[in-house]
Amino acid sequence: MPYKVKSMDLAPQGRKKIEWVQRHMPVLETIKKRFEEEKPFEGITIGSCLHLEPKTINLGLTLQAGGAEVAMTGCNPLSTQDDATAAGASLGLNMYGWREQTNEEYYQTINMVLDHEPDIIIDDGADMIFMIHKKRRDVLDKIRGACEETTTGIHRLKSMHADGALEFPVIAVNDAYTKYLFDNRYGTGQSTFDSIMGSTNILIAGKNVVVCGYGWCGRGIAMRAQGLGANVIVTEVDPIRALEARMDGYRVMIVHEAVKHADILVTATGNVDIVSGDDFKVMKNGCIMANSGHFNVEINREDLDQMAIEQKKMKPDIDEFVMDDGRRLYLLADGRLVNLAGERGQGHPAEIMDLSFAMQALSSEQLVNTPMEIGVHKTPDEADMRVARLKLKAMGIEIDDLTEKQVEYLEGWEHGT
């Protein structure tokens, strides 16, 4: 089947959303125009496992413009926007996915993409890459390589390579400067609070916001919380990042102490059991918990279920857990990444995904043009610079160029005091 979506009747609505984001993704549109002329993906099939929303469909259309057959599915059962997938199918993309899939359906749609026997994989979280290695080895020989979008996926893939399990090259798009400095920081920061505020309609100013993890995502969340008037507490395991958080003006505590103060708690570590067990026993009454990490493992839902004496769904996006002492704790979006799985979650702003998806498009082109060894590879610096310059041009910003004398000075070693 060329598609399996909720309803094709939603396509007109989805196409309007795609039109809107295209107007705010000038870098990807520039790349799309070049792809239309050069057709770098002629005869190539690209399979993706990404959050299915309008900005992602625009990436698919960009690859399609370059001559690729594109098959797409979602990388989270709750992040798919059904009108966007219907629109993508109506525009000739092979679309598989719908919101609120079961786990079984989630992996079924990954298999549907792999049935197209892709040459290149674009993944977010590495679920598709992992499935290829474990259960779909029939497609392995055809794959030239993959691109990985997120920190969690890069961790998994580096572990696979260290164990000798990875069998094709992967470009770590997440590690591109124009990805993690902007997408992870500004995108995650804004979209996390867009979703939290849209779901709860609560005031952030004056609240104690605990941010678990001070990587680039955690930095962005803490920055936006502070900008909204919150008192921010950071938890970390890395001493350098913890010191940086303190120097940035935030309080730093261990998780078990921090949760005692939390009005709102957001996890962004990419690790398991960040908040669990005894942490729920000391949380403030009314604490709201959200996760911005890729997988729903950071806030231990199983522990919450076992400890609560009563549960209630307050809104489609908010679960209430009544503890045996009468305290009420709240979990948003079932503990899945709140900025996309949440009822009001729309993901990162289009201007941010313009950068990330431009890097995906250029990295996919590199996999076609340049043979690479098995392993996890950094994106070329020249691609980063190209995307940054295109973005500055679209924003009407000019920067200086070094003079020949300045280049000579920087490259020389003889100049002293």
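Note that the structure is predicted; figures quoted are calculated from it, not measured.

Participant: Requested: an account of the side chain of Thr188, with residues and values cited.
Facilitator: For Thr188, the position within the fold is in helix α8 (residues 177–200). In terms of polar contacts, Thr188 uses its side chain to reach the side chain of His348, at 3.4 Å. Those residues in contact with Thr188 that sit more than four places away from it in its chain are Asp183, Cys217, Ile221, Ser292 and His348.

Participant: Quick rundown of the sheet that holds strand β6 (residues 145–148)? Include the residues and the values.
Facilitator: Pairing is parallel in the open sheet, where eight strands are placed in the order β1-β4-β3-β2-β5-β6-β7-β16. Of all the strands in the sheet, the pair left with one neighbour each is β1 (3–4) and β16 (375–378). Across four bridges, the pairing between strand β7 (residues 169–172) and β16 is parallel. The residue of β16 that forms the bridge with Pro169 is Gly375. Against the sheet, helix α3 (residues 54–65) contacts β2 (45–49), β3 (69–73), β4 (94–96) and β5 (120–123), and its axis sits at roughly 160° relative to β3.

Participant: Talk me through the packing of aromatic side chains; I want residue IDs and the actual numbers.
Facilitator: In this description, an aromatic ring pair is defined by two values, namely the gap between the centres and the angle between the planes. In total, this model carries six aromatic pairs according to the counting rule given. With centroids separated by 6.0 Å and ring planes inclined at 50°, the aromatic side chains of Tyr177 and Tyr180 adopt a geometry described as tilted. Of this pair, Tyr177 and Tyr180 are both found in helix α8, three residues apart, which corresponds to roughly one turn of the helix. Measuring from ring centre to ring centre gives 6.2 Å for Phe182 and Tyr186, while their planes differ by 35°; the resulting arrangement is tilted. Of this pair, Phe182 and Tyr186 are both found in helix α8, four residues apart, which corresponds to roughly one turn of the helix. Relative accessible area serves as the criterion here: at 31%, Phe182 is assigned to the partly exposed category. For Tyr186, a relative accessible area of 29% translates into the label partly exposed. Following the ring pairs from residue to residue traces out a cluster consisting of Tyr177, Tyr180 and Trp216.

Participant: Any chance you could break down the pairing of β3 for me, citing the residues and the numbers?
Facilitator: Most of β3 sits out of view: four of its five residues are buried. For β2 and β3, the ladder comprises five bridges, and the chain directions are parallel. Looking at β3, one finds that Cys49 is bridged to Thr73. As a crossover connection, the stretch from β2 through α3 into β3 is right-handed. Looking at chain direction, β3 and β4 are connected through three bridges and run parallel. By the bridge assignment for β4, Ala71 is matched with Asn94. Tracing the backbone out of β3, into helix α4 (residues 82–90) and back to the parallel element β4 gives a crossover that is right-handed.

Participant: Account for the pattern of salt bridges, naming residues and giving values.
Facilitator: Tallied over the entire structure, the rule returns 26 salt bridges. For Arg136, the salt bridge is made with Asp138, and the minimal N-O distance between the two is 2.9 Å. Owing to a relative accessible area of 56%, Asp138 belongs among the exposed residues under this scheme. Between Arg241 and Glu236 there is a salt bridge, with the nearest N and O atoms lying 4.0 Å from each other. The structure contains a network of salt bridges with shared partners spanning Arg301, Asp305, Lys313, Asp319 and Asp334.

Participant: Which residues make up the packing of α8 against helix α15 (residues 350–369), and what values do they have?
Facilitator: One can describe the packing of α8 onto α15 by two numbers: an axis separation of 9 Å at closest approach and a directional angle of 145°. In this structure, α8 crosses over α15, and the sense of that crossing is left-handed. Between α8 and α15, the residues in contact are Thr178, Lys179, Phe182, Asp183, Tyr186 and Gly187 and Ile352, Met353, Leu355, Ser356 and Met359, respectively. Broken down by class, the residue content of the contact of α8 with α15 amounts to six nonpolar, three polar and two charged.

Participant: Go over the nonpolar core, please, and point to the residues and values.
Facilitator: Phe41, Ile46, Leu63 and Met95 are the most contacted members of the largest nonpolar core, which has 44 residues in total. The dominant element in this core, judged by the number of residues it contributes, is α15, at 11 residues. Setting aside its immediate chain neighbours within four residues, Ile46 contacts Phe41, Leu63, Ala68, Glu69, Val70, Ala71, Pro118, Ile120 and Ile122. Ranked by size, the runner-up nonpolar core spans 29 residues in total, among them Val234, Tyr330, Ala333 and Val338.

Analysis parameters
- Residues numbered from 1 in each chain as written.
- Predicted model: local features only at pLDDT ≥ 70, side-chain atom pairs only at ≥ 80, totals over all residues.
- Heavy atoms only, no water.
- Helix = DSSP H or I, 4+ residues; strand = E, 2+ residues; numbered from the N terminus.
- Polar contact = N/O pair within 3.5 Å; in protein donor to acceptor, adjacent residues only side chain to side chain.
- Contact = heavy atoms within 4.5 Å.
- Pairing = 2+ DSSP bridges.
- Axes fitted to C-alpha atoms, helices over the stretch in contact; angles between N-to-C directions.
- Phe/Tyr/Trp six-rings, centres within 6.5 Å; stacked < 30°, edge-to-face > 60°.
- Buried < 20%, exposed > 50% of the residue type's maximum accessible area, 1.4 Å probe, protein only.
- Right-handed = clockwise from strand over helix to strand, strands pointing away.
- Salt bridge = Lys/Arg side-chain N within 4 Å of Asp/Glu carboxyl O.
- Left-handed = near helix turned anticlockwise from the far one by under 90°.
- Nonpolar A, V, L, I, M, F, W, Y, C, P; charged D, E, K, R; others polar.
- Core = buried A, V, L, I, M, F, W, Y, C linked by side-chain atoms within 4.5 Å.

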